[in-house]
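The lines below spell out each chain.
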Amino acid sequence: MLICHYKMQYDFKKIELKWQKHWDESKLYSQYDYTKPKFYALDMFPYPSGAGLHVGHPLGYIASDIVSRYKRLKGFNVLHPIGFDAFGLPAEQYAIQTGQHPEITTENNINNYKKQLKRIGFSFDWERELRTTEPKYYKWTQWIFSLLFDAWYNPKNNKAENIKTLLEKFATEGFEGKLWEHYTEQEKGRILQNFRLAYQKETYVNWCEELGTVLANDEVKDGLSERGGHPVIQKKMKQWFLRITPYADRLLDDLNKINWSNSIKEIQKNWIGKSVGAEIYFNIQEFDNYRLTVFSTRPDTIYGVSFIVLSPEHDLAKKITQQPYKESVNAYIKSAQTKNERQRQQVKEVSGVFTGSHALHPLNGNALPIYLSEYVLNSYGTGAIMAVPAHDERDHAFAKKFNIKIIQVIESDENINTQEKPISTKKGHLINSENFDGLDVQIGSEKILTKLVNEAKAKRKINYKLRDTGFSRQRYWGEPFPIIHENSLPKLVKDLPVKLPQVSNFTPTGDGQSPLSSNKKWVHTEKGLRETDTMPGYAGSSWYFLRFMDPKNEKNFAGKKAIRYWQEVDLYIGGAEHATGHLLYARFWTKFLFDLQYIPFDEPFKKLINQGMIQGESKLLNAGNRLLHIPLEYTNNLGQLTADNFIKLQKADKRFENILWENLQPKNNIVELKNQTEKMSKSKFNVVNPDDICEQYGADTLRLYEMFLGPIQDSKPWNTQGIEGVHRFLNKLWNLVFNEQTVLIQDVEPAKDSLKTLHKTIKKITNDIENFSFNTAISAFMIALNELSQQQCRSKNIIEPFIILLAPFAPHISEEIWHKLGNTESIHKSKWPTFDTSYLVENSKKYPISINGKVRTTLEFALELDQKEIENLVFQNKIVKKWLEGKKVRKFIFVPNKIINIVLG
RNA sequence: GCCCUGGUGGUGGAAUUGGUAGACACGCAGGACUUAAAAUCCUGUGGCCUCACGGCCGUGCGGGUUCAAGUCCCGCCUGGGGCACCA
């Protein structure tokens, strides 16, 4: 007879698919109980690209899923939604490349993402799924735009208000000394554009020829587009802007009330770039009718001013130039104009030109030559500076080149000759500053400024680097503006949504017009011409976290009740690369909606975690002058390139066509490859697909491994070999519960040491989740399981709570074991165990005994012993005696529960 | 140049308030089971010296504080990120 030894194996695939289907069908994660306290855990919603997910993407989702599941078990009503940010450049570029309509490629990409995400077993409420590209969603994006258009920032109340209050003000006070009713409709429209929070203005913008669109400042890195790395130039165009600048101070100050990483806060601080100083006025010797205004943060250095510099674009540049200097000044202005900002920055040598005119020093009346130079930016401050060469590096270089006086006004500890090198410190005291001599710099600065302000020669002023943000794109794939231009004045369209129309060709036109303009029927309306630009990618993502609270609401962007219940996001997880884009705009829109009293909170994300990058291991071939990425499938198991594979590679990849095998210096027909750890990307052939991992090891293993790799915030390399460890852990757990045929777990009284293991693990895991220390939690699970195995623990009272602890991390295997132990409800609806300190109490402690700071042995003492008794016991110890031989004991240090240290003379 | 972060075995990484550095894994080496392999289990694994007992050195480098420093202070070196003629 054939005996069939049926082994109950850990069949992860079967288990995982079964429970995923079950959870889906029972809508387990779409159930809410509003009597419980709320917890809102959100991931930065994904941008569905054509490449699909790699193992780096789910890292943050796994973390937020663990927290969400944990919070549910702790009795919270958890909102954990997901959606897709699908408008914008990448989707459109992909569509253009593949020649398909972006609507189709987006739909395909989203479906692929959903399939991948679902396989990992996240507890997302898919009922609340949203897409920024759906008209029923972007209707409300357009609605918020309408609010911005119809709002102004009232500096008196320090908040945004409906434009009505501005009109009331103008009606009673007039505008610029003229009654409001005396302005024409056109004039009124133009004036209001200077106040609206969404407005059009003609100005220099970041134009990317290759992408055929303008870009926001945060979408440009080092003069190149963030997407694709194409050159970006400054072009004068009429564009939509959002007036974020009045919010600068609040965006800065409120960083103090949110729990974000230091580095992100710093990045936003720098981006906002607040500097406190003054505008100081300089009369001009040669012109009575003009006055110069400079911005300075260092009024203390005013007696050190020896010249004035204007930017080449400064309004007065040409007006104040004296006849003999006109030619050289014009030439200089012209040459500056031909360069874009990037080219200007690259030129490090000092350049400039004298105007022939002089400014008068406001305090001592000295005549100061006025120059033009590129190092002064027209877009910052007033586009003019007072130059203090003794205390500013750039001014110093300029003075040297043009042979201008260098006047030292600060004396510090640094022994520097200011004729050679500037002193940039703010510590020291003033000299050469008339009756301010001898004062400390800080105090002197304030006194000088007070004097200037009192004499109406200066005004206190705060400047920001933050600029109003460009809000229009000349592209097809974005939200249309709800705007029709009537008599060349923009007017809101009331009937929303304004649906994105069909066009015959959605590729960029390249002439600064959006592809929408080709649909003449759509553009021409009875009232006037429609706005044909579209909104940028960040429009939809600036408020989506609000929509998730009430995603199906047709009357409002979200219902009042839902907003009041869910409030701000408690935990937000996503990449740090959005520091100056999405994260700033979302804060801005939140504050705006708060001002208009649509929401009762003014920060969107209470706690933010930036997950690190998971890097891939690339293989690089040194082909003479360049390094080429080699797809992994062409390397052998030692990571080398063989001659056979090289031939195949040459057929498959054009990059290798003209490379000769001999030139690669093969040894025994093998070429060594260089290893490199870098960002995962398709083009680097180092991408690991989570689908493959789920197939081979299962979703639970993938989840555990991603968490086990290291701290969530850190970047770390992926190494598929290491996954065996966590996979073995799950197998061990399985084998603890099941043997060949049956469940081994019984309802028996647990052993004392098992209780201790359990309770210290409850404590540790709870702590670790609260601190987002998931990697140490996994190792605690491993330690616990090793101990329980050692103890041969089979007690249900131990195993059940243990797998509840594990459920947030490995939801499938926990659910399976839970049911096999006889439970019928889902484990994810059970209760988080609490730990009982009484099981952790020890009655003795093992003390390290160190002599002169070096640990020599350990001794165990009962806790009730006092220091004297312990001291006696320590000195009786053989090893201790050996070390004490011939030495004198200086000191005996006993730190209860920590250590014992003997200091010898 | 300025700001923010890191630097710990062959690798990923542990280490409450300063209190046994290297937990937990991977990898590697040896062993058990097996005809053999896979799987599993056990043992070892920072470096150097020693048959061993044991000792010396060791958290980027150099100083310091302390009974005691990966942890605190001062000065450097270096990886990553951000800002950058911003007055």
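### Topic: the overall build of chain A
Consideration 1: Each helix and strand counted, chain A has 28 helices and 36 strands in total.
Consideration 2: The buried share of chain A, taken over its 905 residues, is 54%.
Consideration 3: If you sum the accessible surface of chain A, you get close to 43500 Å²; carbon and sulfur atoms cover 48% of it.
Consideration 4: Both charge centroids of chain A, one from 122 positive and one from 106 negative side chains, sit 2 Å from each other.

### Some words on unusual backbone geometry
Consideration 1: In the segment running from Leu-496 into Pro-497, the intervening peptide bond is cis, with an omega of 0°.
Consideration 2: At Ser-488, a residue that is not glycine, the phi angle is positive and equals roughly 60°.
Consideration 3: For Ser-488, a relative accessible area of 55% gives the class exposed.
Consideration 4: Despite not being glycine, Gln-665 shows a phi value in the positive range, around 55°.

### Concerning the packing of helix α1 (residues 12-25) against helix α26 (residues 811-820)
Consideration 1: In contact at an axis separation of 9 Å, α1 and α26 are set at 85° when each is read in the N-to-C sense. Relative to α26, the element α1 is oriented roughly perpendicular. Judged by residue contacts, Ile-15, Glu-16, Lys-18, Trp-19, Gln-20 and Trp-23 of α1 engage Pro-811, His-812, Glu-815, Glu-816 and His-819 from α26.
Consideration 2: For the contact of α1 with α26, the class distribution of residues is four nonpolar, three polar and four charged.

### Regarding empty space enclosed by the protein
Consideration 1: One pass over the structure, following the stated rule, counts one cavity of 30 Å³ or more.
Consideration 2: Taken as a whole, the largest cavity holds about 40 Å³ of empty space.
Consideration 3: Along the lines of polarity and charge, the residues of the lining of the largest cavity split into six nonpolar, two polar and two charged.

### Structural notes on the packing of helix α5 (residues 135-149) against helix α18 (residues 582-595)
Consideration 1: Contact pair α5 / α18: the axes reach a minimum separation of 11 Å and the direction vectors enclose 65°. Classed by the angle they form, the pair α5 and α18 counts as roughly perpendicular. Seen along the crossing, α5 lies across α18 with a hand that is left-handed. Residues Thr-141, Ile-144, Leu-147 and Leu-148 of α5 pack against Phe-588, Trp-589, Phe-592 and Leu-593 of α18.
Consideration 2: The residue inventory of the contact of α5 with α18, partitioned by class, reads seven nonpolar, one polar and no charged.

### As for the protein's contact with RNA strand B
Consideration 1: If you check the shell around RNA strand B, you find 49 residues, and the closest are Thr-297, Arg-394, Leu-709, Arg-728 and Lys-898.
Consideration 2: Counted by atom, the contact set of RNA strand B within 4 Å of the protein is 60% sugar and phosphate.
Consideration 3: Residue Lys-854 places a side-chain N or O atom 2.9 Å away from a phosphate oxygen belonging to RNA strand B.
Consideration 4: Between Arg-856 and RNA strand B, the recorded distance is 2.9 Å, taken from a side-chain N or O atom to a phosphate oxygen.
Consideration 5: Elements that contribute at least two residues to the surface near RNA strand B include exactly α9 (262-272), β13 (291-296), α11 (341-346), α22 (723-737), α24 (774-790), β34 (854-862), β35 (889-895) and β36 (899-904).
Consideration 6: Examining the composition of the surface near RNA strand B, we find that six residues originate from one element, α24, more than from any other.
Consideration 7: A breakdown of the residues in the surface near RNA strand B according to their chemical character gives 21 nonpolar, 16 polar and 12 charged.

### What about the sheet that holds strand β22 (residues 483-486)?
The strands making up a sheet are joined through hydrogen bonds of the backbone, oriented either antiparallel or parallel.
Consideration 1: Strand order in this open sheet of three strands is β23-β22-β24, and the pairing throughout is antiparallel. Either end of the sheet is taken by a strand with one partner, and the two such strands are β23 (489-492) and β24 (529-530).
Consideration 2: Pairing of β22 with β23, which is carried by four bridges, proceeds in the antiparallel orientation. When the bridges of β23 are listed, Ile-484 appears paired with Lys-491.
Consideration 3: Sheet strands touched by α5: β22 and β23. Its angle to β23, the strand with the most contacts, is close to 130°.

### Regarding the pattern of salt bridges
Consideration 1: Under the definition given, this model contains 40 salt bridges.
Consideration 2: A salt bridge links Arg-250 to Asp-595; the nearest nitrogen and oxygen atoms lie 2.8 Å apart. Of the two residues, Arg-250 sits in helix α8 (residues 248-253) while Asp-595 sits in helix α18, which places them 345 residues apart along the sequence.
Consideration 3: Relative accessible area serves as the criterion here: at 6%, Asp-595 is assigned to the buried category.
Consideration 4: The partner of Asp-602 in a salt bridge is Lys-257, with the nearest N and O atoms 3.0 Å apart. With Asp-602 in the loop between α18 and β26 (608-610) and Lys-257 in the loop between α8 and α9, this pair connects stretches of sequence that are 345 residues apart.
Consideration 5: Residue Lys-257 is classed as partly exposed on the basis of its relative accessible area, which comes to 48%.
Consideration 6: Several salt bridges share partner residues, and in doing so they unite Asp-254, Lys-257, Arg-587, Lys-591, Asp-602 and Glu-603 into one network.

### A short note on the packing of aromatic side chains
Consideration 1: Scanning the model with the defined rule gives 70 aromatic pairs in all.
Consideration 2: Note on Tyr-705 and Trp-718: the rings are 5.1 Å apart at their centroids and 80° apart in plane angle, and the pair reads as edge-to-face. With Tyr-705 in helix α21 (residues 699-708) and Trp-718 in the loop between β32 (716-717) and α22, this pair connects stretches of sequence that are 13 residues apart.
Consideration 3: Under the relative-accessibility criterion, Tyr-705 is labelled buried at 4%.
Consideration 4: Here the aromatic residues Phe-145, Phe-149, Trp-240, Phe-471, Phe-481, Tyr-538, Tyr-585 and Trp-589 are joined through ring pairs into a cluster of three or more.
Consideration 5: Lying across the ring of Tyr-199, Arg-243 places its NZ or CZ 4.0 Å from the centre.

### Overview of a nonpolar patch on the surface
Consideration 1: A contiguous nonpolar patch, built from Val-855, Val-895 and Ile-899 and spanning about 210 Å² of accessible area, is present on the exposed surface.
Consideration 2: Checked against the element boundaries, Val-895 lands in strand β35.
Consideration 3: Taking the relative accessible area as the measure of exposure, Val-895 reaches 33% and is therefore partly exposed.

### Regarding the side chain of Asp-533
Consideration 1: Tracing the sequence through the fold places Asp-533 in the loop between β24 and α15 (538-541).
Consideration 2: The side chain of Asp-533 is buried and forms no salt bridge, while Arg-473, the nearest opposite charge, is found at 8.1 Å.
Consideration 3: For Asp-533, the side chain forms a polar contact with the side chain of Gln-474, separated by 3.1 Å.
Consideration 4: Non-local contacts of Asp-533, meaning those with residues more than four positions away in its chain, are made with Gln-239, Ser-472, Arg-473, Gln-474, Pro-480, Phe-481 and Ser-514.

### Here's the deal with the environment of Ser-357
Consideration 1: Tracing the chain through its elements places Ser-357 in strand β15 (residues 353-360).
Consideration 2: In this structure, the C-alpha to C-alpha distance between Ser-357 and Ile-110, residues 247 residues apart in sequence, is 64 Å.
Consideration 3: Aside from chain neighbours lying at most four places away, what touches Ser-357 is Ile-284, Glu-286, Phe-287, Ile-320, Gln-322, Leu-368, Pro-369 and Ile-370.
Consideration 4: A distance of 2.5 Å separates a polar side-chain atom of Ser-357 from the backbone oxygen of Ile-320.

### Considering helix α2 (residues 58-73)
Helical geometry: 3.6 residues make up each α-helical turn, so side chains three or four residues apart lie on a common side.
Consideration 1: Here α2 contains 16 residues, and its C-alpha end-to-end distance of 22 Å stays within 8% of the 22 Å for a straight helix at 1.5 Å per residue.
Consideration 2: The element α2 is largely enclosed, with a buried count of 16 among its 16 residues.
Consideration 3: Gly-75 lies just past α2 and shows a positive phi near 95°.

### Points about the sheet that holds strand β7 (residues 198-208)
Consideration 1: Spatially, four strands are ordered β8-β7-β11-β21 in an open sheet, and the strand pairing comes out antiparallel. Edge positions in the sheet fall to β8 (213-215) and β21 (469-470), since each has one partner strand and no second.
Consideration 2: Where β7 meets strand β11 (residues 232-242), 11 bridges bridge the pair, whose relative direction is antiparallel. Directly across from Gln-200, in β11, lies its bridge partner Trp-240.

Basis of the calculations
In this convention, every chain numbers its residues from 1, walking through the sequence in written order. Each chain takes a letter, starting from A, and each ligand takes a number, starting from 1, following the order in which they are written. Local features in this predicted model are restricted to residues of pLDDT 70 or higher, and side-chain atom pairs are both shown and tallied only at a pLDDT of 80 or more, whereas totals for entire chains, interfaces and linings draw on every residue. Excluding hydrogens and water, the side-chain figures rest on all heavy atoms present in the structure. Note on conventions: DSSP H or I runs of at least 4 residues are helices, E runs of at least 2 residues are strands, and numbering of each starts at the N terminus. Summary of the burial criterion: residues with accessible area below 20% of their type's maximum are buried, those above 50% are exposed, and those between are partly exposed, where the area comes from a 1.4 Å probe applied to protein chains only. The Shrake-Rupley method, run with a 1.4 Å probe, gives the accessible areas here. Residue values count only the displayed protein chains as cover. Counted as positive: Lys and Arg. Counted as negative: Asp and Glu. His and the chain ends are not counted at all. To locate a charge, take NZ of a lysine, CZ of an arginine, CG of an aspartate or CD of a glutamate. Lines fitted to C-alpha atoms define the axes here, with helix axes fitted over just the stretch in contact, and angles between the N-to-C directions of these axes take values from 0 to 180 degrees. By definition in this entry, angles of less than 35 degrees are roughly parallel, angles greater than 145 are roughly antiparallel, angles of 65 to 115 are roughly perpendicular, and the rest are oblique. In this description, contact between two residues means that some pair of their heavy atoms is separated by no more than 4.5 Å. The nonpolar class holds Ala, Val, Leu, Ile, Met, Phe, Trp, Tyr, Cys and Pro. Asp, Glu, Lys and Arg form the charged class, and all remaining residues, Gly among them, are polar. Whether a set of points on the 1 Å grid over the protein atoms alone is a cavity depends on a 1.4 Å probe fitting there but being unable to get out, while an open set qualifies as a pocket with protein on both sides within 12 Å along at least five of seven lines; lining residues are those with an atom within 4 Å of a point. Grid points are joined across faces, edges and corners, and a volume is the space filled by probe spheres set on the points. Whether a crossing is left-handed or right-handed is set by the direction in which the near helix is turned from the far one by less than a right angle, anticlockwise for left-handed and clockwise for right-handed. Only a single heavy atom is needed: when it lies within 4 Å of a molecule or strand, its residue is near that molecule or strand. For the purposes of these results, a polar contact is taken to be a pair of N or O atoms within 3.5 Å, where, inside protein, one atom must be able to donate a hydrogen and its partner to accept one; residues adjacent in sequence count only when each atom of the pair is a side-chain atom. Here, any two strands with at least 2 DSSP bridges between them count as paired. Salt bridges, as used here, are contacts in which a Lys or Arg side-chain nitrogen is within 4 Å of a carboxyl oxygen on Asp or Glu. Here a Phe, Tyr or Trp ring, Trp counted by its six-membered ring, pairs with any other such ring whose centre lies within 6.5 Å, and the pair is stacked when the planes are under 30 degrees apart, edge-to-face when over 60, and tilted otherwise. Placement of a charge over a ring requires the Lys NZ or Arg CZ to be within 6 Å of the ring centre, with the centre-to-atom vector within 35 degrees of the ring normal. Like charges within 9 Å and nonpolar side chains (Val, Leu, Ile, Met, Phe, Trp, Tyr) within 5 Å are joined into patches, using only residues over 30% in relative accessible area that form no salt bridge. Helix span is expected to be 1.5 Å times the residue number reduced by one.

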